[in-house]
Amino acid sequence: ELDIERLDLSSLRSKIFPSITSSIYRTEIQSDTTGPQQRVTSDGRYSSDGYQIQLNQVIYDRALLDQLDSYEFLNHSIKNKLLNAKGDLIIDVAEAYWSLMLARQSLIEEQKISDLYKMLLQQANEKNVRGLVSISEFNQVVSDELEQGYQTTLAGINLDVASSDL
């Protein structure tokens with residue numbers, strides 16, 4: 001099982017790099033003041049502009065570095081498992097393909113042999129009608145033809161199994 005959800009290498013690596021924050025500000029204050037009997041009046045204005053840049057850098061955080069090493073090891077492990085799975089899949093498909101080709105060739109050969117046995121049975125039938133072959137010889141040809149039919153059927157089943165495996 002591959003635990004890919006746990007891997008967040010980019011956010012972990014970003015904790016090692018410097019972080020920069022900046023801000024720009026402008027402040028304006030205006031005030032009007034009137035004294036208690038309207039005798040004193042003052043106006044005031046104040047403005048200021050400024051900016052701020054802040055840089056933070058982790059110099060050494062053993063736990064963070066250990067976690068990064070662990071994640072990188074896990075990442076390599078997952079990549080190796082995927083490569084192995086891919087290789088295994090290629091081998092399985094190739095084996096299934098060659099099994100299918102072998103089963104197809106076997107079926108073709110068994111069908112040709114079956115055709116020959118059918119011709120032999122037909123010839124034995126003609127000889128049996130004329131009385132040129134003994135009953136035991138005729139029965140042997142019938143038995144051989146039935147056995148070859150079974151072998152042909154078995155080759156067809158093997159082809160079906162090989163097709164379903166692929």
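For the structure itself, look to the data block above.
Residues numbered from 1 in each chain as written. Predicted model: local features only at pLDDT ≥ 70, side-chain atom pairs only at ≥ 80, totals over all residues. Heavy atoms only, no water.

Tallied over the entire structure, the rule returns three salt bridges. Close ionic contact of E28 with R26 constitutes a salt bridge, the shortest N to O distance being 3.3 Å. For the pair E28 and R26, one class covers both residues: exposed. In this structure, R26 engages D49 in a salt bridge whose closest nitrogen and oxygen atoms are separated by 3.4 Å. Residue R26 is found in strand β1 (residues 19-34), and its partner D49 is found in strand β2 (residues 41-56); the two are separated by 23 residues along the sequence. For the pair R26 and D49, a shared accessibility class is recorded, and that class is exposed. Within this structure, R26, E28 and D49 form a network of salt bridges that share partners. (Salt bridge = Lys/Arg side-chain N within 4 Å of Asp/Glu carboxyl O. Buried < 20%, exposed > 50% of the residue type's maximum accessible area, 1.4 Å probe, protein only. Helix = DSSP H or I, 4+ residues; strand = E, 2+ residues; numbered from the N terminus.)

Now for helix α3 (residues 135-165). Here α3 contains 31 residues, and its C-alpha end-to-end distance of 45 Å stays within 8% of the 45 Å for a straight helix at 1.5 Å per residue. Buried within α3 are the following residues: F138, E145, Q148, T152, A155, G156, L159 and A162. Packed against the buried residues of α3 are α2 (62-130). (Expected span 1.5 Å × (residues − 1). Contact = heavy atoms within 4.5 Å.)

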